[in-house]
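Now for the letters of each chain:
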Amino acid sequence: MSPHRRSLRFWSGAVTAALALTVTTVGQASAADVNNARNAGFESGLSDWTCSAGSGTAVSSPVHSGSAALQATPSGQDNARCAQTVRVKPNSTYTLGAWVRGGYAYLGVTGTGTTDVSTWTPDSSFWKQLSTTFTTGSSTTSVTVYTHGWYGQAAYYADDVSVFGPDGGGGTDPGPTIPSAPAGLNVSGTSSSSVSLAWNAVSGATGYTVYRDGTKATAVSGTSATVTGLAASTSYSFQVTATNGAGESPKSAAVTGTTTKPNGPGPALPRHAVTGYWQNFDNGATVQKLSDVQAQYDIIAVAFADATSTPGAVTFNLDSAGLGGYTVDQFKADIRAKQAAGKKVIVSVGGERGTVAVNDAASATNFANSVYSVMQTYGFDGVDIDLENGLNATYMTQALRALSAKAGSSLIITMAPQTIDMQSTSNSYFQTALNIKDILTVVNMQYYNSGSMLGCDGKVYGQGSVDFLTALACIQLENGLAPSQVGLGLPASTRGAGSGYVSPTVVNNALDCLTKGTGCGSFKPPRTYPGLRGAMTWSTNWDATAGNAWSNAVGPHVHGLP
């Protein structure tokens, strides 16, 4: 049997090839531990390392930290083993670790004089940490630590290799220190039985522990978590700690999360919510599955539903091919998972090229029936109206009221008008919003691709400033919409719109100006609106393309509003 057909299960227990590092050990691990590996981050290329069959090289991307990482490519007869000898001390305990991604990756140690150990992970598109411990024998002064891939499989990457323990004579880096307490803890979503939380990343942390009312509730590796199994209509106190090999940080400041009524009226949304559009197509932005949508988003608007040959009717067609083979079953399961995490997933109708027209009683009925059918098929929580080519207030009102009668009080209805559509209550979009005020969730006006517009004080404001956001929002807030029905819609990056991008700092300043009276520009609203719903962005995909800079900055700020 040729090597590339050998059992992975067999080799996972007999890993002796790949990235090999020989280490020399010393006494019991302590606060004085060091990383005995040299060139652990491959910043000096392959210095101190040897790789089988020329399989390894130092690359500048992807890296876990620093400026370089190891890329090792297996072939049919070679599993891409790389190695280094490191001095250690006898009768000592060491923690061996490395960050890996790509194809199958193995990490292990030989020559310990006691029990050689190893660990591995299947292929991964993101960095994972492999970790294990070993003890040296009474006469052991060096060991070989390795990682390798698998015959004929994809290249693997390794970075930040560590052998923490007593200095064997060649140690370089200090051992891990206890991380600081996480900041920015906020409630990102609620349901009748769960509370979703998010917080800022902590340098040096490898995991986080969430406490509910002082008792450990769950442990996660990322910066968000959903605590489930809670009682409805009940308030809970939450804190979070950061952890790594050195221990656990102090607890963060506490936040309170209150579960919703099990079957109460209206949508169960946080007081302040973030809406993000998810692209059902590939236009150069990061292609996402719904499960990839960032945790800061409370309402996810799936863009877009498609018009049919029946006037007013819509359908939804998942672009499986354009989204890398994303199946309808996976999509539906991801909707349910987002909802279980306290999120709302709705279908958006329209967009720049949308051709849906609701301009008579028959098309209004067709719209309501077809949207409800799409909701039933996929499990959507509601609908977003993003008709940029005209809207008839009379018949869209009729359509949305008919839909509400079918779907019930939990229906989410959002709207994304252009700035020109909300300049006056005589405009069709504004009329529609006021007509359905009793069932409307939020209007996230698009403060981009606009040009200059009038503010509520009658002055002209150019897009791209705090004044543009606050003075135009004031028109809606002072002319009939509740603060909870007003959100600020902005692009997630410069590539997300033709014009009108502003930094997250400007968005946050505008939110503060409207809710607290701070951070304003030259325009000062006539009053504050603490109940302002929040913000929206086009799109979660462009946000991901830009490293999630928008949601990482605006999301916690929205959720922390008064």
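Bear in mind the structure is a predicted one, so any value in this text is a computation, not a measurement.

Rules and cut-offs
- Residues numbered from 1 in each chain as written.
- Predicted model: local features only at pLDDT ≥ 70, side-chain atom pairs only at ≥ 80, totals over all residues.
- Heavy atoms only, no water.
- Helix = DSSP H or I, 4+ residues; strand = E, 2+ residues; numbered from the N terminus.
- Buried < 20%, exposed > 50% of the residue type's maximum accessible area, 1.4 Å probe, protein only.
- Contact = heavy atoms within 4.5 Å.
- Salt bridge = Lys/Arg side-chain N within 4 Å of Asp/Glu carboxyl O.
- Pairing = 2+ DSSP bridges.
- Axes fitted to C-alpha atoms, helices over the stretch in contact; angles between N-to-C directions.
- Disulfide = S-S within 2.5 Å.
- Expected span 1.5 Å × (residues − 1).
- Arc of directions from axis to C-beta.
- Polar contact = N/O pair within 3.5 Å; in protein donor to acceptor, adjacent residues only side chain to side chain.
- pLDDT = per-residue confidence, 0-100.
- Core = buried A, V, L, I, M, F, W, Y, C linked by side-chain atoms within 4.5 Å.
- Phe/Tyr/Trp six-rings, centres within 6.5 Å; stacked < 30°, edge-to-face > 60°.
- Lys NZ or Arg CZ within 6 Å of the ring centre and 35° of its normal.

**Student:** Go over the overall build of the protein, please, and point to the residues and values.
**Tutor:** When helices and strands are counted, the protein shows 9 helices and 32 strands. Classification of the 562 residues of the protein by burial places 52% in the buried group. By sequence separation, contacts in the protein at least 24 residues apart represent 75% of the contacts at least 6 residues apart.

**Student:** Outline the pattern of salt bridges, supporting the account with residue identities and numerical values.
**Tutor:** Within the structure shown, the criterion is met by 5 salt bridges. When the shortest N-O distance is used, the salt bridge between Asp48 and Arg38 registers 3.5 Å. Placement of Asp48 in the loop between strand S2 (34-35) and strand S3 (50-51) and of Arg38 in the loop between S2 and S3 is noted, with a sequence separation of 10 residues between them. You can call Asp48 partly exposed: its relative accessible area is 37%. The class for Arg38 is partly exposed, based on a relative accessible area of 24%. With a closest N to O distance of 3.4 Å, Asp512 and Lys516 form a salt bridge. Here Lys516 and Asp512 lie together in helix H7 (residues 504-516), a separation of 4 residues that amounts to about one turn. You can call Asp512 buried: its relative accessible area is 10%.

**Student:** How would you explain the sheet that holds strand S15 (residues 195-198) if you had to name every residue and give the values?
**Tutor:** Backbone hydrogen bonds are what pair the strands of a sheet, in a parallel or an antiparallel way. Read from one edge to the other, the open sheet built from 3 strands follows the order S14-S15-S18, with strand pairing classed as antiparallel. The strands lining the two open edges of the sheet, one partner per strand, are strand S14 (186-190) and strand S18 (224-227). Averaged over neighbouring strand pairs, the angle between their axes works out to 25 degrees when direction is ignored. Direction of pairing for S14 relative to S15: antiparallel, over a ladder of 4 bridges. Across the sheet, residue Asn186 finds its bridge partner in S15, namely Ala198.

**Student:** So what's going on with the state of the cysteines? Which residues, and what values?
**Tutor:** What the rule picks out here adds up to 3 disulfides. Each disulfide pairs two cysteine sulfurs, and for Cys51 the partner residue is Cys82, the sulfurs being separated by 1.9 Å. Residues Cys51 and Cys82 share a disulfide whose torsion about the S-S bond is about 110 degrees; that sign makes it right-handed. Remark: Cys82 occurs in strand S6 (residues 82-87) and Cys51 occurs in strand S3; sequence separation between them is 31 residues. Each of the two residues, Cys51 as well as Cys82, counts as buried. Counting only the cysteines that form disulfides, in the order they appear in the protein, gives the pairing 1-2, 3-4, 5-6.

**Student:** Kindly report on helix H4 (residues 393-407), identifying the contributing residues and their values.
**Tutor:** Between the first and last C-alpha of H4 there are 21 Å, a value that for 15 residues agrees with the 21 Å anticipated at 1.5 Å per step. Within the sequence span of H4, burial applies to Ala393, Met396, Thr397, Ala399, Leu400, Leu403 and Ser404. Down the axis of H4, the smallest arc covering the buried residues is 160 degrees, so these residues share one side. Seen from the open side of H4, the exposed residues pointing more than 90 degrees away from its buried face are Thr394 and Ala405. Packed against the buried residues of H4 are helix H3 (361-378), strand S26 (382-387), strand S27 (412-415) and helix H5 (428-435). N-capping of H4 is provided by Asn392, with a side-chain oxygen placed 3.1 Å from the backbone N of Thr394. Taken from the residues just after H4, Gly408 is the one with a positive phi, measuring 95 degrees.

**Student:** Lay out the confidence of the model for the protein in plain terms, naming residues and giving numbers.
**Tutor:** Summing up the model confidence of the protein, the mean pLDDT is 87 and the portion of residues at 70 or higher is 90%. Scored below 50 in pLDDT, residues 1-31 shows 140 contacts in the model against residues more than four places distant or in partner chains. The low-confidence segment residues 262-267 (pLDDT under 50) makes 12 contacts with residues lying over four places distant or belonging to another chain.

**Student:** Summarise the pairing of strand S7 (residues 93-102); cite the residues concerned and give the values.
**Tutor:** Within S7, 7 of the 10 residues are buried, leaving the element largely enclosed by the surrounding structure. With 9 bridges joining them, S7 and strand S10 (residues 124-135) adopt antiparallel strand pairing. Opposite Tyr94, over in S10, you have Phe134 as the bridge partner. Both S7 and strand S12 (residues 156-165) contribute to a ladder of 7 bridges, which runs antiparallel. By the bridge assignment for S12, Thr95 is matched with Phe164.

**Student:** Tell me about unusual backbone geometry, residues and numbers included.
**Tutor:** Backbone phi values are negative for most residues with the exception of glycine, while trans is the configuration of most peptide bonds. Following Ala303, the chain continues into Phe304 via a peptide bond in cis, with omega recorded as 5 degrees. Relative to the elements of secondary structure, Phe304 occurs in strand S23 (residues 299-307). Note that the residue after Trp538, namely Ser539, is joined by a cis bond; omega there is 5 degrees. Along the chain, the position of Ser539 falls in the loop between strand S32 (534-538) and helix H8 (540-545).

**Student:** Got a sec to walk through the side chain of Gln485? Specific residues and values, please.
**Tutor:** Inspection of the secondary structure assignment puts Gln485 in the loop between helix H6 (466-477) and strand S31 (486-491). Residues within four places of Gln485 in sequence aside, it is in contact with Lys437, Leu440, Thr441, Val442 and Val443.

**Student:** Describe the nonpolar core, naming the residues involved and giving the relevant values.
**Tutor:** With 94 residues, the main nonpolar core has Trp278, Leu290, Phe331, Phe367, Phe380 and Ile385 as its most contacted residues. With 9 residues, H6 is the largest single contributor of residues to this core. Ignoring sequence-local partners within four residues, the contact set of Phe367 consists of Gly312, Ala313, Val349, Val356, Val358, Ile385, Met396, Ala399 and Leu400. Residues Ala40, Leu70, Val88 and Val161 belong to the second largest nonpolar core, which totals 26 residues.

**Student:** So what about the packing of aromatic side chains? Which residues, and what values?
**Tutor:** Following the criterion strictly, the structure yields 23 aromatic pairs and no others. On the numbers, 5.2 Å between centres and 85 degrees between planes, the contact of Phe316 with Tyr378 is edge-to-face. One end of the pair, Phe316, is in the loop between strand S24 (314-315) and helix H2 (328-340); the other, Tyr378, is in helix H3, with 62 residues separating them in the sequence. With respect to class, Phe316 is no different from Tyr378; both count as buried. When the centroid spacing of 6.1 Å and the interplanar angle of 65 degrees are considered together, the rings of Phe331 and Phe380 count as edge-to-face. One end of the pair, Phe331, is in helix H2; the other, Phe380, is in the loop between H3 and S26, and 49 residues separate them in sequence. On the basis of relative accessibility, which here comes to 4%, the residue Phe380 falls in the buried class. Aromatic rings pair up to connect Trp278, Phe316, Tyr326, Phe331, Tyr378 and Phe380 into one cluster. Positioned above the aromatic ring of Tyr211, the side-chain terminus of Lys251 is 4.3 Å from the ring centre. Between Lys332 and the ring centre of Tyr378, over which it is positioned, the NZ or CZ distance is 5.6 Å.

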